[in-house]
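Chain by chain, the residues run as shown.
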Amino acid sequence: MKALGNFLKNKSDQGQMLVIPYIMAGDHVDGLDGLAETIAFLEENGASAIEIGIPFSDPVADGPVIEQAGIRALANGTTLKKVIDTLQTIETTIPLVIMSYINPIYKYGIEKFVDDLKTTPVKGLILPDVPREHEGMLTPFLAATDITLVPLVTLTSTLERQVELVTGAAGFIYAVTVNGVTGVGRTYADNLTAHLARLSELSDVPVLAGFGVSSLEQAKNFHQVVDGVIVGSYIVQALHDGRREEIAAFLVGANQI
Ligand SMILES: O=P(O)(O)OC[C@@H](O)[C@@H](O)c1c[nH]c2ccccc12
């Protein structure tokens with residue numbers, strides 16, 4: 001296990017539900033200048049880690065809320081380089097995880113990307129368009145670092161595939177709860193609980209469920225079978241609307257589950 005796995009497992013072993021909010025870098029009133037403050041706000045209110053999205057023009061797995069946030073961030077002039085430069089000035093007590101499509105990273109230079117992240121609090125990478133078969137483009141550079149890839153396991157992953165993805169995971173497992181894009185207001189499949197329970201069984205690192213979580217009630221239900229939840233669209237929309245107290249209440253509440 002790497003730093004991300006150890007940090008989260010330690011929290012989870014203490015009986016705490018893990019909660020990882022997702023934010024879009026650059027989607028702040030003052031552009032990237034607002035990133036440090038947003039991270040501090042989420043950290044202070046009990047985020048276990050924070051997923052930082054890199055805006056991209058063609059975000060195939062993003063639902064409307066995240067997509068709009070990406071459009072705003074790009075309009076604010078956000079680039080991967082500027083995000084990394086900003087992250088290098090940020091100090092946190094919790095790990096950060098970058099969520100990005102591979103294209104901006106490829107353009108930036110994979111080796112340079114990994115190298116530049118070493119001086120940031122980033123401890124994990126979620127790359128939805130890099131399947132296990134292509135992870136080899138990153139793993140040689142990640143090997144000597146404390147940064148790990150976070151596998152996405154979907155409802156359509158076969159048992160064999162799940163075993164393969166869970167094997168060697170050193171941070172956490174991102175259990176995608178729906179077949180579709182991000183966003184709130186989805187109905188979950190009947191077999192979801194059984195699927196998540198089996199995944200938990202298979203995995204040594206914490207398992208977090210993500211896609212469609214927007215209430216403490218849902219978080220509580222998921223915590224019966226997995227270690228925690230990832231919350232994207234709900235947080236992104238509430239931040240955009242300035243509903244900070246609501247977010248704080250959600251995070252504080254999640255920590256009491
Ligand atoms: O927005 P939701 O439904 O709460 O789901 C989390 C999600 O937004 C975040 O983890 C994410 C944003 N973009 C992604 C692309 C792929 C996988 C995950 C993501």
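Along each chain, the written sequence defines residue order, and numbers are assigned to residues from 1. In keeping with the predicted nature of the model, local features appear solely for residues at pLDDT of at least 70, side-chain atom pairs appear and are counted solely at 80 or more, and the whole-chain, interface and lining totals rest on all residues. Excluding hydrogens and water, the side-chain figures rest on all heavy atoms present in the structure.

Heads up, the rule is: UniProt positions are given in the numbering used here, feature names are shortened, and annotations may be inferred rather than shown by experiment.
For the chain, the name recorded in an unreviewed UniProt entry is Tryptophan synthase alpha chain, with Pseudolactococcus paracarnosus as its organism. The record held by UniProt for the chain lists under Subunit (unreviewed entry) the comment "Tetramer of two alpha and two beta chains."

### Regarding the UniProt feature "active site" (unreviewed entry) in the chain
Quick note on the threshold: Strands are runs of DSSP state E lasting at least two residues, helices are runs of H or I lasting at least four, and both sets are numbered from the N terminus onward. Per-residue accessibility, obtained with a 1.4 Å probe over protein chains only, is compared with the maximum for each type, and a residue is labelled buried under 20%, exposed over 50%, and partly exposed between these values. In this description, contact between two residues means that some pair of their heavy atoms is separated by no more than 4.5 Å.
As recorded in UniProt, the feature "active site" (unreviewed entry) lies at E51 and D62. Take E51: it is sitting in strand β2 (residues 50–53). Relative accessible area serves as the criterion here: at 5%, E51 is assigned to the buried category. Once residues within four sequence positions are removed from consideration, E51 is found in contact with I20, P21, Y22, I23, V97, M99, I126, Y174 and I230. For D62, the position within the fold is in the loop between β2 and α3 (64–75). Non-local contacts of D62, meaning those with residues more than four positions away in its chain, are made with E67, Y101, V181 and T182.

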